[in-house]
Amino acid sequence: MSVLKSYGATVESVFDLLGTKENDITLSISWALAQCPAFLKNLIARICGFQANPDDVTVYNQQHESDHGITDIEITDHKEFHIVIEAKRGWIVPCKAQLEQYSLKDCFTKTTYPRKNIVTLSECSEEYVRTYKTYADCNEINGVELSHLSYKEIYKLAKSSYLKSNHKQKNLLNELCVYLEGIMTMQNKDSNWVYVVSLSKNHPEGCLLSYIDIVNKLNKYFCPVGNGWPKEPPNYIAFRFEGRLQSIHHIESYTIERNLHRVIDEMPDFERDADHFVFQLGPAIVPTKTVKTGNIYPNGRVRAMLDTLLTCDTVSEARDVSQKR
């Protein structure tokens with residue numbers, strides 16, 4: 001089968017043609033809900049516990065209401081329930097002020113629906129959101145129930161809807177799942193840029209393994225989110241120590257945590273002050289020749305294209321060649 005490229009990126013799903021911005025994501029999910037009754041029914045049941053008749057349900061995308069903003073997705077049968085879904089890209093959730101604004105919409109304040117729900121949707125797990133974000137201190141706003149779903153949960157709901165879907169609907173759900181897989185990693189899979197970091201022989205506080213051991217023995221690496229570190233996960237990461245480049249790895253998957261013990265057993269069990277990426281690393285790509293560090297600060301972090309790291313004599317040269325491109 002031939003490969004379709006759009007604006008330089010590989011198109012894995014028909015939904016990729018829309019894009020991966022927040023509005024693109026919600027439009028994709030909205031279309032799948034409207035076209036796949038089993039998926040729609042499962043989502044409604046998951047959110048508010050109501051077994052809806054999909055024929056009675058309307059799905060709205062980008063609904064505007066004066067003074068109360070524009071919602072991403074609204075789902076209602078106009079008598080039993082009304083659901084507002086607010087989606088975010090990545091590991092974030094809407095601020096409480098935005099959710100309070102939605103709670104004052106006419107669909108909540110001027111109706112007598114037994115079930116009224118606002119749902120935030122992002123890559124964050126429900127546990128993460130309830131621990132650190134909006135849900136830490138409330139489960140409802142102005143009488144409207146507040147909950148969270150991750151893209152992983154939407155993915156599972158779509159998968160679980162296959163058996164009660166026809167052939168056309170199964171194909172659409174499969175396209176959505178492929179699309180969501182890309183959303184869940186948040187990586188540019190076509191990028192050959194590599195994030196190069198220095199590894200220390202020291203040990204993280206309270207850990208018997210060194211930073212080098214965590215990479216070489218566990219195939220994992222962790223770092224803060226933002227504040228001079230990546231805000232989104234790179235496609236590749238490389239490690240240097242002892243004055244040279246040691247290995248390059250594709251990042252297979254990642255999570256965001258504050259208690260690293262949840263995903264790395266050897267790390268101490270305590271909450272950090274800031275979010276940290278924890279990357280699951282793919283097999284090591286080891287340079288066939290010695291690639292020295294070059295003109296980089298001992299703890300400096302740089303980016304370079306994959307091929308330059310394998311052909312240049314130093315990491316700093318690879319960085320400079322990549323920047324000139």
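Peer 1: I would appreciate a short explanation of the overall build of the protein chain in the present structure.
Peer 2: Check the secondary structure of the protein chain and you find ten helices and 14 strands. Over its C-alpha atoms, taken along the principal directions, the protein chain stretches across nearly 70 × 50 × 40 Å. Within the span of the protein chain, comprising 325 residues, buried residues form 50% of the whole. Entry remark: accessible area of the protein chain is about 16200 Å², with carbon and sulfur atoms responsible for 48%.

Peer 1: Is there a simple way to explain the pairing of strand β3 (residues 58-65) in this structure?
Peer 2: Each regular strand displays side chains that alternate between the two surfaces of the sheet. Judged from the seven bridges that link them, β3 and strand β4 (residues 69-76) form a sheet pairing that is antiparallel. Counterpart to Gln63 in the pairing with β4 is Thr71. Where β3 folds back onto β4 in an antiparallel hairpin, the turn is made up of three residues, including Asp67, whose phi is positive at roughly 75°.

Peer 1: Which parts of the structure should I look at to understand the sheet that holds β3?
Peer 2: Strand-to-strand pairing in sheets goes through backbone hydrogen bonds, with the strands running parallel or antiparallel. What the six strands build is an open sheet, ordered β3-β4-β5-β6-β8-β7; its pairing is mixed. The outermost strands of the open sheet, each flanked by one partner alone, are β3 and β7 (140-141). As paired strands, β4 and strand β5 (residues 81-87) are joined by four bridges and run antiparallel to one another. Bridge pairing in β5 links Glu74 to Val84. Of the strands in this sheet, β3, β4, β5 and β6 (115-122) touch helix α1 (residues 22-35), which is tilted by about 150° from β3. Strands in contact with helix α6 (residues 151-160) are β5, β6 and β8 (144-150); relative to β8, the strand with the most contacts, it is inclined by about 80°.

Peer 1: Looking at this structure, how should I read the environment of Ser160?
Peer 2: Tracing the chain through its elements places Ser160 in helix α6. The exposure class assigned to Ser160 is partly exposed, which follows from its relative accessible area of 46%. Each C-alpha atom, one on Ser160 and one on Tyr102, is 30 Å from the other, the two residues being 58 residues apart in sequence.

Peer 1: Would you mind showing me how to read the packing of aromatic side chains here?
Peer 2: The relative placement of two aromatic rings is captured by the distance of their centres and the angle of their planes. Scanning all chains against the criterion turns up six aromatic pairs. Ring plane angle 50° and centroid distance 5.7 Å describe the contact between Phe50 and Phe81, whose orientation is recorded as tilted. Here Phe50 is found in the loop between α2 (37-48) and β3, whereas its partner Phe81 is found in strand β5, with 31 residues between them in sequence. A relative accessible area of 0% means that Phe81 is categorised as buried. Between the aromatic rings of Phe277 and Phe279, the centroid separation amounts to 5.2 Å while the plane-to-plane angle is 20°, which identifies the pairing as stacked. Residue classification places Phe277 among the buried positions, given a relative accessible area of 1%.

Peer 1: How do you make sense of the sheet that holds strand β11 (residues 236-241) when you look at a structure like this?
Peer 2: With mixed pairing, the six strands of this open sheet are ordered in space as β10-β13-β12-β11-β9-β14. Looking at which strands have only one partner, the edges of the open sheet turn out to be β10 (220-224) and β14 (302-305). For this sheet the average axis-to-axis angle between neighbouring strands, irrespective of direction, equals 40°. Across six bridges, the pairing between strand β12 (residues 244-257) and strand β13 (residues 276-281) is antiparallel. Following the sheet pairing, Ile251 is matched in β13 by Leu281. Relative to β10, helix α8 (residues 211-218) is tilted by about 135°, and along the sheet it contacts β10, β11, β12 and β13. Each of β9 (193-198), β12 and β14 is contacted by helix α10 (residues 315-324), which is oriented at about 70° to β14, the strand it contacts most.

Peer 1: Help me understand the pairing of β10, please; the structure alone is not making it clear to me.
Peer 2: β10 sits mainly inside the fold: four of its five residues count as buried. Relative to β13, β10 runs antiparallel, the two being bridged by five bridges. Within β13, the residue paired with Tyr221 across the bridge is Phe279.

Peer 1: Looking at this model, I keep getting lost on the environment of Val14. Mind explaining?
Peer 2: Here Val14 shows up in the loop between β2 (9-10) and α1. The exposure class of Val14 is partly exposed, given its relative accessible area of 45%. As a C-alpha pair, Val14 and Tyr179 span 165 residues in sequence and 8.1 Å in three-dimensional space.

Quick notes on the rules
For every chain, the first residue of its written sequence is number 1, and the numbers climb from 1 along that sequence. Local features are withheld for residues below a pLDDT of 70 in this predicted model, meaning they are given only at 70 or higher, and side-chain atom pairs are given and counted only at 80 or more; totals for whole chains, interfaces and linings count all residues. Each side-chain value is worked out from all heavy atoms of the structure, with water and hydrogens disregarded. Each helix is a run of DSSP H or I of at least 4 residues and each strand a run of E of at least 2, with the numbering of both proceeding from the N terminus. Throughout this description, buried means an accessible area under 20% of the type-specific maximum (1.4 Å probe, protein chains only), exposed means over 50%, and partly exposed covers the range between. Computed by Shrake-Rupley with a 1.4 Å probe, the accessible areas treat only the displayed protein chains as cover when residues are assessed. In this scheme, strands are said to pair when DSSP sees at least two bridges between them. By definition, residues are in contact when any of their heavy atoms lie within 4.5 Å. Convention adopted: a line fitted to C-alpha atoms gives each axis, helices being fitted over their contacting stretch, and angles between N-to-C directions are expressed from 0 to 180 degrees. Two rings belonging to Phe, Tyr or Trp (six-membered ring only in the last case) form a pair when the distance between their centres is within 6.5 Å. Interplanar angles under 30 degrees mark stacking, angles over 60 mark edge-to-face geometry, and anything in between is tilted.

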